[in-house]
Amino acid sequence: MNHLRATDPEFMERFEHFAFDEAVHEPGQELDDVTRSIAILAALLGCQGIDAFERLALPQALDAGVSPVAVKEIVYQGVDYLGIGRVLPFLEAVNRVLTARGVALPLAGQATTTMVDRLEKGAQTQADIFGPQMLEAWKSGHINRWLAANCFGDYYTRTGLDLKQREMITFCFLAAQGGCEPQLTGHAKGNMNLGNDKNFLIRVVSQCLPYIGYPRSLNAIACVNKAAED
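Residues numbered from 1 in each chain as written. Predicted model: local features only at pLDDT ≥ 70, side-chain atom pairs only at ≥ 80, totals over all residues. Heavy atoms only, no water.

Trainee: What should I look at first to understand empty space enclosed by the protein in this one?
Mentor: With a probe scaled to a water molecule rolled over the atoms, the places where space remains empty come into view. Taken as a whole and assessed by the stated rule, the structure comprises one cavity of 30 Å³ or more. Taken as a whole, the largest cavity holds about 50 Å³ of empty space. In this structure, the largest cavity is lined by Ala 43, Phe 171, Cys 172, Ala 175, Ala 176, Val 204, Val 205, Cys 208 and Ile 212. Residue assignment for the lining of the largest cavity shows that the elements contributing at least two residues are helix 9 (163-177) and helix 11 (198-212). Along the lines of polarity and charge, the residues of the lining of the largest cavity split into nine nonpolar, no polar and no charged. (1 Å grid on protein atoms, 1.4 Å probe; cavity = no way out; pocket = protein on both sides within 12 Å on 5 of 7 lines; lining within 4 Å. Points joined across faces, edges and corners; volume = space filled by probe spheres on them. Helix = DSSP H or I, 4+ residues; strand = E, 2+ residues; numbered from the N terminus. Nonpolar A, V, L, I, M, F, W, Y, C, P; charged D, E, K, R; others polar.)

Given below as structure tokens:
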């Protein structure tokens, strides 16, 4: 974005001040560099900000200490909430950036389930987040079975990110894409169950706001408030 300082100096003065100074250092809304970077990467996936992801946020995240494995895990998990149609360009962008930085691909595997136990372990992960009733939820239809085995068994069980980080990025995917307020409220509750409390989630929204805009950020805060009330 450096060239925009020459072509759009007034805009860049205000944008960079807001996104990189004012929002980052707002009292009570700060996040550590790694957490903020992970949230922003997930939010840019959610809002389909591929150029800002590849050219701005991903290099900053890697420089801030987000590991290549963590970056890959964010992208992989995005498929469950955004679909491969929207995630494939981001996976290819990550590969380009990592390769340009001399990172050898493929990275070390992070799977902890097999094709045999993915359903069982996925349902257990759902229960760990949302409560013991989820151990049987997969029996209510094939979509719920896929949700347990594929979304949670194939992805949430992987190493590279911990469970609290995975629920946070899901919250960011949903907040940034919009139109998923029921699921966003549900995952705000899931975050709170894991210790990502209301204050933390509002800080996450605040740090993502320059990348996803005010309407979706305000909707996300309303969902957080609703989850906290419930």
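Trainee: What should I look at first to understand the packing of helix 10 (residues 181-194) against helix 12 (residues 214-229) in this one?
Mentor: Two packed helices can be described by the angle between their axes and the distance between those axes. At a closest axis distance of 8 Å, the pairing of helix 10 and helix 12 adopts a crossing angle of 55 degrees. Taken together, the axes of helix 10 and helix 12 are oblique relative to one another. You can see that helix 10 and helix 12 cross each other, and the crossing is right-handed. Of helix 12, the residues touching helix 10 (which contributes Glu 181, Leu 184, Thr 185, Ala 188, Lys 189 and Met 192) are Asn 219, Ala 220, Cys 223, Val 224, Lys 226, Ala 227 and Ala 228. Partitioning the contact of helix 10 with helix 12 into residue classes produces eight nonpolar, two polar and three charged. (Axes fitted to C-alpha atoms, helices over the stretch in contact; angles between N-to-C directions. Parallel < 35°, antiparallel > 145°, perpendicular 65-115°, else oblique. Left-handed = near helix turned anticlockwise from the far one by under 90°. Contact = heavy atoms within 4.5 Å.)

Trainee: Looking at this structure, I do not really get helix 8 (residues 142-156). What am I missing?
Mentor: For an α-helix the count is 3.6 residues per turn, leaving residues at separations of three or four pointing the same way. Among the residues making up helix 8, those that are buried are Ala 148, Ala 149, Cys 151, Phe 152, Gly 153 and Tyr 156. On the buried face of helix 8, the contacting elements are helix 5 (68-82), helix 7 (118-130), helix 9 and helix 10. (Buried < 20%, exposed > 50% of the residue type's maximum accessible area, 1.4 Å probe, protein only.)

Trainee: Any chance you could explain the packing of aromatic side chains here in plain terms?
Mentor: Geometry of an aromatic ring pair is reported as the spacing of the ring centres plus the angle between the planes. All told, the structure shown has six aromatic pairs when counted by the stated rule. With 5.8 Å between their ring centres and 80 degrees between their planes, Phe 15 and Phe 20 make a pair best called edge-to-face. Ring centres 4.4 Å apart and planes at 35 degrees place the aromatic pair Phe 152 and Tyr 156 in the tilted group. Remark: Tyr 156 and Phe 152 occur in helix 8; sequence separation between them is four residues, near one turn of the helix. We classify Tyr 156 as buried; its relative accessible area is 3%. Put simply, the rings of Phe 11, Phe 15 and Phe 20 touch in pairs and so form one group of aromatic residues. (Phe/Tyr/Trp six-rings, centres within 6.5 Å; stacked < 30°, edge-to-face > 60°.)

Trainee: Just to check I follow, could you spell out the nonpolar core for this structure?
Mentor: It is characteristic of soluble globular proteins that their nonpolar side chains tend to be buried jointly. The biggest cluster of nonpolar side chains holds 56 residues, and the ones touching the most others in it are Leu 45, Phe 53, Ile 74, Phe 171 and Val 204. With near-sequence residues (within four places) excluded, Val 204 lies in contact with Leu 31, Ala 39, Met 168, Phe 171 and Cys 172. (Core = buried A, V, L, I, M, F, W, Y, C linked by side-chain atoms within 4.5 Å.)

Trainee: Explanation requested: the layout of surface pockets in the structure shown.
Mentor: The computed volume of the largest pocket comes to approximately 380 Å³. Looking at the largest pocket, it is lined by 17 residues, and the ones nearest its centre are Tyr 81, Leu 147, Cys 151, Phe 152 and His 187. In terms of residue class, the lining of the largest pocket is made up of 10 nonpolar, six polar and one charged. As a volume, the second largest pocket reaches approximately 160 Å³. Around the second largest pocket, the lining is made up of 13 residues, and of these Arg 36, Ser 37, Ile 40, Gln 60 and Tyr 211 lie nearest the centre. Here the lining of the second largest pocket gets five residues from one element, more than from any other, and that element is helix 3 (residues 33-47). A per-class count over the lining of the second largest pocket returns nine nonpolar, two polar and two charged.

Note that every value here comes from positions in space, so none of it alone points to a role or purpose.
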